Amino acid sequence: MTASWSRVMDLLSRHAPADHAALPGPATEEMLTSAEERMGLRLPEDLRAWLLRNSLDVPEDEWDDEVQCCGFDGFPDEGSFFLGVRAMERLYANRRSPAGFDPPDRPEAPFWRNEWIPFLSDQDGWTGKFVDARDGRVGGWSVGEPTVTGAYENLAGYFDSVAVTLTRIADGSHPTGRLSEGRIVWL
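The rules we used
Residues numbered from 1 in each chain as written. Predicted model: local features only at pLDDT ≥ 70, side-chain atom pairs only at ≥ 80, totals over all residues. Heavy atoms only, no water. Buried < 20%, exposed > 50% of the residue type's maximum accessible area, 1.4 Å probe, protein only. Helix = DSSP H or I, 4+ residues; strand = E, 2+ residues; numbered from the N terminus. Pairing = 2+ DSSP bridges. Salt bridge = Lys/Arg side-chain N within 4 Å of Asp/Glu carboxyl O. Phe/Tyr/Trp six-rings, centres within 6.5 Å; stacked < 30°, edge-to-face > 60°. Contact = heavy atoms within 4.5 Å. Polar contact = N/O pair within 3.5 Å; in protein donor to acceptor, adjacent residues only side chain to side chain.

K.L.:
Please give an account of the pairing of strand S6 (residues 138–142) that cites residues and values.
P.N.:
S6 sits mainly inside the fold: four of its five residues count as buried. Taking the residues between adjacent antiparallel strands as the criterion, strand S5 (residues 127–132) and S6 are bridged by five residues, where Gly136 takes a positive phi near 80°. Here S6 pairs with strand S7 (residues 148–152) via two bridges, running antiparallel. Bridging across to S7, Gly140 finds its partner in Val148.

K.L.:
Outline unusual backbone geometry, listing residues and values.
P.N.:
With an omega dihedral of 0°, the bond running from Asp102 to Pro103 counts as a cis peptide bond. Positionally, Pro103 belongs in the loop between strand S2 (101–102) and strand S3 (112–113). Of note, the phi angle at Glu181 is positive, near 50°, even though the residue is not glycine.

K.L.:
Residue-level account of the pattern of salt bridges, with values.
P.N.:
Two side chains that carry opposite charge are able to pair once their charged atoms sit near each other. Summed over the entire model, instances satisfying the criterion amount to nine salt bridges. Ionic pairing is found between Arg48 and Glu29, a salt bridge with its closest N-O pair at 2.3 Å. On the criterion of sequence distance, the pair formed by Arg48 in helix H4 (residues 45–51) and Glu29 in helix H3 (residues 29–39) is long-range, its members being 19 residues apart. For Arg48, a relative accessible area of 4% puts it in the buried group.

K.L.:
Residues and numbers for the packing of aromatic side chains, please.
P.N.:
If you walk through the whole model with that rule in mind, you get 14 aromatic pairs. Between Trp5 and Phe82, the aromatic rings sit 5.8 Å apart at their centres with planes inclined by 90°, giving edge-to-face as the arrangement. Note that Trp5 is positioned in helix H1 (residues 2–15) and Phe82 in strand S1 (residues 81–82), a separation of 77 residues in sequence. For the pair formed by Trp5 and Phe82, the shared burial category is buried. Ring pairs connect the aromatic residues Trp5, Trp50, Phe82, Phe119, Tyr152, Tyr158 and Phe159, which therefore count as one cluster.

K.L.:
Please give an account of the sheet that holds strand S4 (residues 116–121) that cites residues and values.
P.N.:
Taken in spatial order, the five strands make up an open sheet running S1-S4-S5-S6-S7, and their pairing is antiparallel. In the strand order of this sheet, the two ends are held by S1 and S7, each with one partner.

K.L.:
Quick rundown of the environment of Ala163? Include the residues and the values.
P.N.:
Residue position: Ala163 is located in helix H6 (residues 155–170). In the structure, Ala163 is positioned 153 residues away from Asp10 in sequence and 9.3 Å away in space, judged by C-alpha atoms. Setting aside chain neighbours within four positions, we find Ala163 in contact with Arg7, Val8 and Leu11.

K.L.:
How would you sum up the environment of Asp122? Please name residues and give values.
P.N.:
Turning to its location among the elements, Asp122 is positioned in the loop between S4 and S5. Judged by its relative accessible area of 15%, Asp122 is buried. Residues Asp122 and Phe82 lie 40 residues apart in sequence; the distance between their C-alpha atoms is 9.0 Å. Looking at Asp122, its side chain comes within polar contact range of the main-chain nitrogen of Gly125, at 2.8 Å.

The structure is reproduced here in structure tokens:
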């Protein structure tokens, strides 16, 4: 995961330096431990390692109470936010189910499981990506669609796909992403 995220950060720094400079700093161990206690589960090691490099929460004075999720926008795609610790907790609390999965009558094919920790979302929390705390695999959800589990073996695999997207944006071959004034813009 570390090498894959470093590759993303290197690409962002080289091709979208204004976006890179806007990234907030890392989370602390204390922040992660407190979040784990409130959520009632242990964060997977890859997710912990990522958050200790960049916890992509926006500053509290920039948080918009009218939306479900706030985070660092601009990449990996239009309309999604990488979430920091606070935003993960907030969305997790919204999705958490007393039965352990939702809907409670479909344990074999739930829309959400309590073991899934969101790390990317749209503002409404209707679509995004999660890490499965049981095995570290990355999946995705979208309201009205079946939840996809194991789309990526781990965060490294997902971040490798983000690096490919950034490379395509940088070389001008991405269909909707471009660079302008040190930032990624979406058409």
